[in-house]
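# Report on the structure
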Amino acid sequence: MTPRSPRSSDPTAAEAGAWADVLVRRRFLHAAVRTPTGQWLVQDQHDGAVRVLTGPADVLALAAIIQHHTRITRPESR
């Protein structure tokens, strides 16, 4: 596996919004809402606590964590 190169730019609000939409549609998150200040409010379950993410980079980091967890817990299909 080749290591990933570092990003050449900071994540944008549009990129974070796209990831948030995917995470909600695929039911990895119950809700993800961008506030006017650029923060994100995310909720794992409908009755769960609301977390505050400070910006797009945090949304992408959350998406990466969820992807990693999904990949390592998925049974091998060969």
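Heads up: the structure comes first, above all this text.
Reading guide: rules and limits
Residues numbered from 1 in each chain as written. Predicted model: local features only at pLDDT ≥ 70, side-chain atom pairs only at ≥ 80, totals over all residues. Heavy atoms only, no water. Salt bridge = Lys/Arg side-chain N within 4 Å of Asp/Glu carboxyl O. Helix = DSSP H or I, 4+ residues; strand = E, 2+ residues; numbered from the N terminus. Buried < 20%, exposed > 50% of the residue type's maximum accessible area, 1.4 Å probe, protein only. Expected span 1.5 Å × (residues − 1). Arc of directions from axis to C-beta. Contact = heavy atoms within 4.5 Å.

All right, on to the pattern of salt bridges then. By the definition in use, this model includes two salt bridges. Where Arg 25 meets Asp 21, a salt bridge forms, and the shortest distance between an N and an O atom there is 3.0 Å. With Arg 25 and Asp 21 both in helix H1 (residues 13-25) and four residues apart, the pair spans about one turn of that helix. Note on Arg 25: relative accessible area 55%, which makes it exposed.

So, about H1. Since one α-helical turn is 3.6 residues long, residues separated by three or four positions face the same way. If you check H1, its first and last C-alpha atoms are 18 Å apart, about what 13 residues at 1.5 Å a residue would give, namely 18 Å. Turning to H1, its buried residues are Ala 16, Ala 20 and Leu 23. Buried positions in H1, seen along its axis, are confined to an arc of 65° and lie on one side of it. Relative to its buried face, H1 has exposed residues pointing more than 90 degrees away, namely Ala 14 and Arg 25. In this fold, the buried residues of H1 make contact with strand E1 (31-34), strand E2 (40-43) and helix H2 (56-73). Count one or two residues on from H1 and you reach Arg 27, which has phi positive near 65°.

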